[in-house]
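So you can see what is in the structure, the chains are spelled out below.
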Amino acid sequence: MKSFVFPEFQIIRDEAKCGQCRGCERQCAFGTHRYDEAQDRLISDDYKCVGCQRCVIFCPKDAIVVKPTQSFYRPNASWSREKLEDLKRQAETGGVILTGCGNDKPFRIYWDHIVLNASQVTNPSIDPLREPMELRTFLGSKPDFMGVEVENGDVEIETKLSPNLMVETPILFSAMSYGAISYNAFRALATAACKSGTYFNTGEGGLPREMREEFGRCAIVQVASGRFGIDAEYLNCAAAVEIKVGQGAKPGIGGHLPGEKVSAEVAATRMIPVGTDAISPAPHHDIYSIEDLSMLIYALKEATNYEKPISVKIAAVHNFAAIASGIVRAGADIIAIDGLRGGTGAAPKAIRDNVGIPIELAISSLDRRLRDEGIRNRASIIAAGGIRCSADVIKAIALGADAVYIGSAALIAMGCTLCQKCYTGKCNWGICTQDPRLAGRLNTEIAATRLSNLIHAWSHEISEMLGGMGINALESLRGNHDHLRGIGLYEWELDVLGIKGAGE
């Protein structure tokens, strides 16, 4: 049946430059390029192109250009090209439209409407090259007060402290499971986390046994609704345990790893048969109330001898702050909140693009709720979903977060071009695939170095911005809304963010 959908991308080949090396044919997992022996030339199929730019970058003759095709439809403000073509695809297939990566809709990006403060005469700036800057932070529950005993000049803390994660910089790698991403990508995240003094999150796919001894100290292991890969060793080898209730890219629904991505290695880690679909139900079938959640939190604390902080990850949706308050009272040490721009390997497009709220609004609302109830010290806040640069990190902390998770930014650092076809398992960059030929394209050491460089660069920029504000410790910025001002925002938006307009 002839498709009524136009190709999304146009491939332009300069025949004069093309050396017919067939490199583009080898680079593309989607079969976009093929060599026609009868014509003795390479032919490209625009309909198969996903715009990943792999063939463009690796063409030795710079003979290929891939660009979005212009819209051939009559302009219509209500019926955009995207809406027309999504409708046509569903009319042709009768199926749900899947997509990967984060929300790409033009919702307001509040980071870009918030500006930072800077020092003046009475509050001089600090030179981070010459003065110590404290980016280290501790994630976990803090006591209401600290009891100390002083004897012969020695100070001894009497209060029993809860386990905390010590991070050298407020940037952690978000949950990305082995299975959704390749082993090389997964190991690169672990390597970079340990090298940078931070943590990576295993996601719901478990932690390969051969990685537990080496990387467990830098791992936050996840307990999701599918309970994949969970055993006592898995819980105890890690630095922290996270219960995944929801995620920003697909709030309210479960996960699905297609059987074709469940290789023998993935199956062994997840403890499921090879080639079977790994389906995580939408709810945890043992959690239907805050009391049920509390039972799981304390079961995990018991299983880990009360030596590791327990995190609970939820999506930023309506009334989430009240739910988060209940989660803190249920015993969680960390709340991970994921906004509507959070990425994913696979989600129904309708869910990804229409459910949830921006993380900027969520951070401020959650921080304020916990402070108003006098329980802010009982749990740390990790913000996720749309963190793009160091400025976003520092604004998130000023809004009330203790640290941030980065997911899409980490994948981009490794080479991802956000073609949004993660769910196909044909990632040409070797990141979101289990195909050995494709996965081998990602060099673990190089990818880990790129990730470490990113963390180092962002940390340096955070130090520079802190110094420019006259602050020498991250702790002094957390929840300090006086260092933020809004530009081009409505009163209600400033109200939710808890900041003043620029010039006030």
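Reading the values: rules and limits
Residues numbered from 1 in each chain as written. Predicted model: local features only at pLDDT ≥ 70, side-chain atom pairs only at ≥ 80, totals over all residues. Heavy atoms only, no water. Helix = DSSP H or I, 4+ residues; strand = E, 2+ residues; numbered from the N terminus. Rg over C-alpha atoms; globule rule 2.2 N^0.38 Å. Buried < 20%, exposed > 50% of the residue type's maximum accessible area, 1.4 Å probe, protein only. Contact = heavy atoms within 4.5 Å. Areas by Shrake-Rupley, 256 points an atom, 1.4 Å probe, with all protein chains shown as cover. Lys, Arg positive; Asp, Glu negative; His and termini not counted. Charge placed at Lys NZ, Arg CZ, Asp CG, Glu CD. Core = buried A, V, L, I, M, F, W, Y, C linked by side-chain atoms within 4.5 Å. Domains from an automatic or database assignment. Buried area = accessible area lost by both parts, 1.4 Å probe. Salt bridge = Lys/Arg side-chain N within 4 Å of Asp/Glu carboxyl O. Polar contact = N/O pair within 3.5 Å; in protein donor to acceptor, adjacent residues only side chain to side chain. Axes fitted to C-alpha atoms, helices over the stretch in contact; angles between N-to-C directions. Parallel < 35°, antiparallel > 145°, perpendicular 65-115°, else oblique. Left-handed = near helix turned anticlockwise from the far one by under 90°. Nonpolar A, V, L, I, M, F, W, Y, C, P; charged D, E, K, R; others polar. Disulfide = S-S within 2.5 Å. Patch = residues over 30% accessible without salt bridge, like charges linked within 9 Å, V, L, I, M, F, W, Y side chains within 5 Å. Pairing = 2+ DSSP bridges.

Turning to the overall build of the protein, a few remarks are in order. When helices and strands are tallied, the protein shows 16 helices and 23 strands. Its C-alpha atoms give the protein a radius of gyration of 24 Å, within 12% of the compact-globule value 23 Å for 504 residues. Expressed along its principal axes, the backbone C-alpha trace of the protein runs to roughly 90 × 55 × 45 Å. Residues classed as buried in the protein amount to 53% of the 504 residues present. Looking at the protein alone, contacts between residues at least 24 apart form 70% of all its contacts between residues at least 6 apart. As displayed, the protein has an accessible area near 23200 Å², and 53% of this comes from carbon and sulfur atoms. Taking the average place of the 54 positive charges on the side chains of the protein and the average place of its 60 negative ones, the gap between the two points comes to 8 Å.

With that settled, consider the nonpolar core. With 112 residues, the main nonpolar core has Phe173, Phe200, Ile406, Met414 and Ile431 as its most contacted residues. Each of domain 1 (9-95) and domain 2 (137-141 + 166-501) accounts for three or more of the residues forming this core. The residues touching Ile406, leaving out its near neighbours within four places in the chain, are Ile171, Leu172, Phe173, Ser174, Met176, Ile387, Leu454, Ile455 and Trp458. Leu139, Val167, Ala239 and Ala240 belong to the second-largest nonpolar core, a separate cluster that totals 14 residues.

Moving on, we come to the domain arrangement of the protein. Annotation of the protein at the domain level lists domain 1 (9-95) and domain 2 (137-141 + 166-501). For domain 1 and domain 2, the distance between their C-alpha centroids amounts to 34 Å. Taken together, the 14 residues of domain 1 in the interface contact 12 residues of domain 2. Interface area for domain 1 against domain 2, summed over the two sides, is near 1100 Å², with a carbon-plus-sulfur share of 54%. The tally of links from domain 1 across to domain 2 stands at two salt bridges.

The residue Arg41 is located in strand 3 (residues 41-44) in this model. Spatially, the C-alpha atom of Arg41 lies 9.4 Å from that of Cys18, the residues being 23 residues apart in sequence. Engagement of the side chain of Arg41 in a polar contact is seen with the side chain of Gln39, the distance being 3.3 Å.

Turning our eyes to something else, we now look at the packing of helix 9 (residues 320-329) against helix 11 (residues 359-372). At a minimum axis distance of 9 Å, the contact between helix 9 and helix 11 shows a crossing angle of 50°. Judged by the angle between their axes, helix 9 and helix 11 are oblique. Where helix 9 crosses over helix 11, the handedness of that crossing is right-handed. Only Ala362, Ser365, Leu366, Arg369 and Leu370 of helix 11 make contact with helix 9, whose side of the interface consists of Phe320, Ala321, Ala322, Ala324, Ser325 and Val328.

Turning to the packing of helix 8 (residues 290-303) against helix 9, a few remarks are in order. Where helix 8 contacts helix 9, the two axes come as close as 9 Å, and the packing angle between them is 40°. Considered as vectors, helix 8 and helix 9 are oriented oblique to each other. Helix 9 is crossed by helix 8, and the crossing has right-handed handedness. The segment helix 8 lies against helix 9, with Ile290, Leu293 and Ile297 engaging Ile323, Gly326 and Ile327. Here the residues of the contact of helix 8 with helix 9 are counted per class, giving five nonpolar, one polar and no charged.

Moving on, we get to unusual backbone geometry. In the Ramachandran plot, Asp62 falls in the positive-phi region, its phi being about 50° despite a non-glycine side chain. In this fold, Asp62 is placed in the loop between helix 2 (54-58) and strand 4 (64-68). For Asp62, a relative accessible area of 53% gives the class exposed. Its identity is not glycine, yet Met271 carries a phi of approximately 65°, on the positive side. Assignment of secondary structure puts Met271 in the loop between helix 7 (264-270) and strand 16 (278-280).

Turning next to the state of the cysteines. Summed over all chains, the structure comprises one disulfide. The residue that forms a disulfide with Cys194 is Cys218, at a sulfur-sulfur distance of 2.2 Å. Measuring handedness by torsion sign, the sulfur bridge of Cys194 and Cys218 sits at about 130° and is right-handed. Of the two residues, Cys194 sits in helix 4 (residues 183-196) while Cys218 sits in the loop between helix 5 (209-215) and strand 13 (219-223), which places them 24 residues apart along the sequence. Assigned by exposure class, Cys194 and Cys218 land together as buried.

Time to look at a nonpolar patch on the surface. Together, Met146, Val148, Val150, Val155, Ile157 and Leu161 make up an exposed nonpolar region whose accessible area comes to about 570 Å². Counting only elements with at least two residues in the nonpolar patch, the list comes to strand 8 (148-151) and strand 9 (154-157). Given a relative accessible area of 43%, Met146 falls into the partly exposed group.

One open sheet accounts for three strands, arranged 6-22-23; its pairing is mixed. Taken across any chain shown, the strands that pair with only one partner, and hence form the sheet edges, are strand 6 (114-116) and strand 23 (500-501). As paired strands, strand 6 and strand 22 (residues 484-486) are joined by three bridges and run antiparallel to one another. Within the sheet, the bridge partner assigned to Ile114 lies in strand 22 and is Gly486. Strand contacts of helix 12 (residues 390-399): strand 6 and strand 22, with the helix running at about 90° to strand 6, the strand carrying the most contacts.

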